[in-house]
Amino acid sequence: MKKLLLSASLFAGTMMALSACGGMGTVETVDDRPIIHFDAASIISAARDHHLKMLTLSSIPRDDVNVPGAVEELQGMKADNDTYLAELEDLQHEDSSADEYKDLVIEYLEAENVYIDQTIENVYAGSISLPNRFSMDTLYSRTNAKVSEFRHEPK
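I will try to describe carefully the structure that is included in this document.

**Brief notes about the pattern of salt bridges**
- The final tally for this structure, using the stated rule, is five salt bridges.
- In this structure, K53 and E73 form a salt bridge, with 2.9 Å as the shortest nitrogen-oxygen distance. Here the residue K53 occupies a position in helix 2 (residues 40-59), and E73 occupies one in helix 3 (residues 67-89), the gap between them amounting to 20 residues.
- Between R133 and D137 there is a salt bridge, with its nearest N and O atoms 2.9 Å apart.

Put into structure tokens, the structure is as follows:
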């Protein structure tokens, strides 16, 4: 009986010690991805919205296009991009890969602005056909694929 009582108390004591260790401590996940100081996900989301709006514009019959409204919408997209470009212009990162990613995002935004300018010209000319998007889509894909490699922490 003494052995059973001793075994039970040792078992209970061990279990309490083990549960106290596990219950009190917390595990913090370490995120070792490079830090970027701009919200790349928002920029990519806006780029996707711009793309959908431009595709919608190209699907409208030319006679039905409200030219001033279309141009105003395109200029709004370009203003969004210009805001992002101004934010990114002087931004410096501690990690060179974060700066390279920032440069890729800037390259995409500049390519989209050129595309928007060409689209505005086409709208004024009465043509709703869109300029070639291949290089811009390639930049978008590269930018979107790399966004998860970084974590966003505002400065």
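**Comments concerning empty space enclosed by the protein**
- The final tally for this structure, using the stated rule, is one cavity of 30 Å³ or more.
- Its boundaries defined by the atoms lining it, the largest cavity holds a volume of some 40 Å³.
- Residue lining of the largest cavity: I43, I44, A47, V105, Y108, Y140 and T143, and that is the complete set.
- Those elements that provide at least two residues to the lining of the largest cavity are helix 2, helix 4 (96-124) and helix 5 (134-146).
- Each residue belonging to the lining of the largest cavity can be placed in one class, and the counts come to six nonpolar, one polar and no charged.

**Focus on the packing of aromatic side chains**
- Taken as a whole and assessed by the stated rule, the structure comprises three aromatic pairs.
- Ring centres of F38 and Y101 lie 6.1 Å apart, and the angle between their planes is 15°; this geometry places the pair in the stacked category. One end of the pair, F38, is in the loop between strand 1 (35-36) and helix 2; the other, Y101, is in helix 4, with 63 residues separating them in the sequence.
- With centroids separated by 4.8 Å and ring planes inclined at 20°, the aromatic side chains of Y101 and F150 adopt a geometry described as stacked. Here Y101, found in helix 4, pairs with F150, found in the loop between helix 5 and strand 2 (151-152); they are 49 residues apart in sequence, far enough to count as distant.
- Ring pairing ties together the aromatic residues F38, Y101 and F150, which thus form one cluster.

The rules behind each value
Residues numbered from 1 in each chain as written. Predicted model: local features only at pLDDT ≥ 70, side-chain atom pairs only at ≥ 80, totals over all residues. Heavy atoms only, no water. Salt bridge = Lys/Arg side-chain N within 4 Å of Asp/Glu carboxyl O. Helix = DSSP H or I, 4+ residues; strand = E, 2+ residues; numbered from the N terminus. 1 Å grid on protein atoms, 1.4 Å probe; cavity = no way out; pocket = protein on both sides within 12 Å on 5 of 7 lines; lining within 4 Å. Points joined across faces, edges and corners; volume = space filled by probe spheres on them. Nonpolar A, V, L, I, M, F, W, Y, C, P; charged D, E, K, R; others polar. Phe/Tyr/Trp six-rings, centres within 6.5 Å; stacked < 30°, edge-to-face > 60°.

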